[in-house]
Amino acid sequence: DAELTAIKSDAVIADRHDRLFKTDWWATSDRTMTAEQTAYRQALRDITEQEGFPTDITWPTKPEGN
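Further remarks concern unusual backbone geometry. Going from Phe53 to Pro54, the amide bond is cis rather than trans, its omega being 5°. Position of Pro54 relative to the elements: it lies in the segment after helix H2 (35-45).

Here it is, written out as structure tokens:
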């Protein structure tokens, strides 16, 4: 059971890193992120703090148009 939880945790963290990577361009020095973009990226970072992590999580919604 612990091994399965560790595998699921690794998969969720890998997915989170991918989602953050896809929005890294929002944080370049020549741009200013919107409040929604900042909140989205912070929610991704906080995914491991959700009560149901790693088996029952709610992914944040990416802001429209980004």
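Evaluation of the coordinates by the stated rule reveals 3 salt bridges. A salt bridge links Lys22 to Asp18; the shortest N-O distance between them is 3.3 Å. Across the salt bridge formed by Arg41 and Asp24, the nearest N and O atoms sit 3.2 Å from each other. Of this pair, Arg41 sits in helix H2 while Asp24 sits in the loop between helix H1 (2-21) and H2, and the two are 17 residues apart along the sequence. In this structure Asp24 comes out as partly exposed when scored by relative accessible area, which is 37%.

All right, on to the packing of aromatic side chains then. Per the counting criterion, the structure on display carries 2 aromatic pairs. Where Trp25 meets Trp26, the ring centres are 6.3 Å apart and the plane angle is 70°; that geometry is what we call edge-to-face. Among the residues examined, Trp26 registers a relative accessible area of 0% and is labelled buried. The structure contains a cluster of three or more aromatic residues connected by ring pairs, namely Trp25, Trp26 and Tyr40. When the ring centre of Trp59 is taken as origin, the NZ or CZ atom of Arg19, which lies over that ring, is 3.9 Å away.

Moving on to H1. A rise of 1.5 Å per residue sets the reference length of H1, with its 20 residues, at 28 Å; its end C-alpha atoms lie 28 Å apart and thus fit the reference within 8%. Those residues of H1 not exposed but buried are Ser9, Val12, Arg16 and Leu20. Down the axis of H1, the buried side of the element spans an arc of 80°, and every buried residue falls inside it. The exposed set on the far side of H1, more than 90 degrees from its buried face, consists of Glu3, Leu4, Asp10 and Phe21. Taken together, the buried residues of H1 touch H2.

Thresholds, definitions, all that
- Residues numbered from 1 in each chain as written.
- Predicted model: local features only at pLDDT ≥ 70, side-chain atom pairs only at ≥ 80, totals over all residues.
- Heavy atoms only, no water.
- Helix = DSSP H or I, 4+ residues; strand = E, 2+ residues; numbered from the N terminus.
- Salt bridge = Lys/Arg side-chain N within 4 Å of Asp/Glu carboxyl O.
- Buried < 20%, exposed > 50% of the residue type's maximum accessible area, 1.4 Å probe, protein only.
- Phe/Tyr/Trp six-rings, centres within 6.5 Å; stacked < 30°, edge-to-face > 60°.
- Lys NZ or Arg CZ within 6 Å of the ring centre and 35° of its normal.
- Expected span 1.5 Å × (residues − 1).
- Arc of directions from axis to C-beta.
- Contact = heavy atoms within 4.5 Å.

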